[in-house]
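Coordinate analysis (summary)
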Amino acid sequence: MLSSIKTMFLILAATFTFGFTYFCLKSDIFQELYLAKFNSKLQHRQSIFYRTNPDCHPGPLDIKFAYNMSLLKIISQNPNLQPGGHSRPKYCTALQKIAIIIPFRNRESHLRTWLYYMHPFLQQQQADYGVYVVEQTEDTLFNRAKLMNVGYSVAIKDYNYTCFIFTDVDIIPMDGRNLFRCSDNPRHMANSVDKFNFKLPYNDIFGGIVAFTKEQFIKVNGFSNVFWGWGGEDDELFQRVVAMGMKVERPDQTIARSKMISHKRDPGNESTGKSFHLIKKAHERLHKDGLNSLIYTIISITSHKLYTKITVDIGNGEDASSTEGILNLFNL
């Protein structure tokens, strides 16, 4: 008797469960609730997937400059960094080894902002990279191009880099699809900056962020060393690229969108008014002026957690290696 009651109870329970399930599956309200819960779980899983698979980088990024960011906080947010600002992808072997080179003087807040945004950006792109900040010690005219030549010369001895990206400290890309990689030709990667309303100001512009393979950079003999003060070295580099039979590649302007940190021109970085004459003669000077004529003295190389700091004496714009001296030497 007891066994029969149990059997009847199980049959009734199974019938009720089947009926309730059938009703729920047919119910629009239930389907909406189920789909909402499923989508929520899917989004959560996607967020985990993107965090654990850095090659799944996003599209447009929301860039809001954080000027008061501390280095300790940036370090805590990038636990996988190795000393010197080096990082390698966990799940694959990168095809390129990238040196990021930043010419620098008295721009600490901008550097912190750059580090805050760019380390996660580069790690999401599965980059095998290191960051080199090259600081000019002299309180004289700034020589951005010469500092980048120094950065290349130091980095090439530090690791077997195959790609060199030269970037200003005040430009932040706004789209994860703007891949920090080298290509078959030198690349101009800051061709859509907010300062210029995301347009190319003129066709020969080649500044902000540029990328060269080792072979390409040697082919153009690096940057000129004679541009003291503001302006001209990027346009001259463009002429070197053209003179050596290469062309400049640029990403789509929507993908290449970048934000520039607004600031006044630094003391010691005033325009000298001499760049036009140097640019005009770039093709005649490129084999004499560049990596093969680079003279500098390393003051110190310090391996920080977020970057390698290269402090260097590159002379000044008034000695024998100044613009006037080089012009006289080459009879230009």
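Our structure's up above, just so we're on the same page.
As the structure is a computational prediction, the values presented were derived from the model and not from experiment.

Examined against the element boundaries, Cys-163 turns out to sit in strand 3 (residues 163-167). Considering only alpha carbons, one finds Cys-163 and Ala-99, 64 residues apart in sequence, at a separation of 6.3 Å. When residues no more than four places from it in sequence are discounted, the contact partners of Cys-163 are Gln-96, Lys-97, Ile-98, Ala-99, Arg-181, Cys-182, Phe-212 and Thr-213.

Another point: the nonpolar core. Nonpolar side chains tend to gather and get buried jointly when the protein is soluble and globular. Ranked by internal contacts, the top residues of the largest apolar core, which has 33 residues, are Ile-100, Trp-114 and Phe-180. Secondary structure elements with two or more residues in this core: strand 1 (97-104), helix 4 (108-124), strand 2 (128-136), strand 3, strand 4 (171-173) and strand 7 (209-213). Of all the elements, helix 4 adds the most residues to this core, at 7 residues. Other than its neighbours up to four places away in sequence, Ile-100 contacts Trp-114, Leu-122, Tyr-129, Gly-130, Val-131, Tyr-132, Ile-165, Thr-167 and Phe-180.

Turning our attention to the pattern of salt bridges. Taken as a whole and judged by the stated rule, the model has 9 salt bridges. Ionic pairing is found between Arg-144 and Glu-233, a salt bridge with its closest N-O pair at 2.8 Å. Here Glu-233 lies in helix 7 (residues 233-243) and Arg-144 lies in helix 5 (residues 144-158), a separation of 89 residues in the sequence. Neither residue differs from the other here; Arg-144 and Glu-233 are each classed as buried.

Relative to the helices and strands, Ile-205 resides in the loop between strand 6 (192-193) and strand 7. Here Ile-205 falls in the buried class, since its relative accessible area comes to 14%. The sequence separation of Ile-205 and Asp-234 amounts to 29 residues, and the corresponding C-alpha distance is 7.0 Å. Ignoring any residue separated from it by four or fewer positions in sequence, one finds Ile-205 in contact with His-188, Leu-200, Asp-235 and Arg-250.

Two cysteines form a disulfide when their sulfur atoms are joined by a covalent bond. Going through the model one piece at a time under the given rule, you end up with 1 disulfide. Disulfide partner of Cys-163: Cys-182, at an S-S distance of 2.1 Å. Taking the sign of the S-S torsion, 85° for the link of Cys-163 and Cys-182, the bridge is right-handed. Remark: Cys-182 occurs in the loop between strand 4 and strand 5 (187-188) and Cys-163 occurs in strand 3; sequence separation between them is 19 residues. Under the relative-accessibility criterion, Cys-182 is labelled buried at 10%.

This part takes up unusual backbone geometry. Although it is not a glycine, Phe-198 adopts a positive phi angle of roughly 60°. In this model, Asn-221 sits at a positive phi of 65°, which is unusual for a non-glycine residue. Turning to its location among the elements, Asn-221 is positioned in the loop between helix 6 (214-219) and helix 7.

Counted according to the given criterion, the structure contains 14 aromatic pairs. Judged by centre distance (5.5 Å) and plane angle (65°), the ring pair of Phe-212 and Phe-217 falls under edge-to-face. On the accessibility criterion, Phe-212 (0% relative accessible area) is buried. What makes Phe-217 buried here is its relative accessible area of 0%. Among the aromatic side chains, those forming a connected cluster through ring pairs are Tyr-132, Tyr-152, Tyr-159, Tyr-161, Phe-164, Phe-166, Phe-206, Phe-212, Phe-217, Phe-223 and Phe-238. The ring of Phe-198 has Arg-257 sitting right over it, with the charged end atom 4.0 Å from the ring centre.

Further remarks concern the sheet that holds strand 4. Taken in spatial order, the 3 strands of this open sheet run 4-8-6, and their pairing is mixed. The strands lining the two open edges of the sheet, one partner per strand, are strand 4 and strand 6.

Attention now moves to the sheet that holds strand 1. Reading across the sheet, the 7 strands line up as 5-7-3-1-2-10-9 and stay open at both edges, with mixed pairing between neighbours. Every other strand in the sheet has two partners, leaving strand 5 and strand 9 (297-303) as the edge strands with one partner each. Where strand 2 lies against strand 10 (residues 308-313), 5 bridges are found, and the strand directions are parallel. Looking at the pairing, Gln-136 lines up with Val-312 of strand 10. Together, strand 1, strand 2, strand 3, strand 9 and strand 10 form the strand contacts of helix 5, whose direction differs from that of strand 1 by roughly 145°.

Thresholds, definitions, all that
- Residues numbered from 1 in each chain as written.
- Predicted model: local features only at pLDDT ≥ 70, side-chain atom pairs only at ≥ 80, totals over all residues.
- Heavy atoms only, no water.
- Helix = DSSP H or I, 4+ residues; strand = E, 2+ residues; numbered from the N terminus.
- Contact = heavy atoms within 4.5 Å.
- Core = buried A, V, L, I, M, F, W, Y, C linked by side-chain atoms within 4.5 Å.
- Buried < 20%, exposed > 50% of the residue type's maximum accessible area, 1.4 Å probe, protein only.
- Salt bridge = Lys/Arg side-chain N within 4 Å of Asp/Glu carboxyl O.
- Disulfide = S-S within 2.5 Å.
- Phe/Tyr/Trp six-rings, centres within 6.5 Å; stacked < 30°, edge-to-face > 60°.
- Lys NZ or Arg CZ within 6 Å of the ring centre and 35° of its normal.
- Pairing = 2+ DSSP bridges.
- Axes fitted to C-alpha atoms, helices over the stretch in contact; angles between N-to-C directions.

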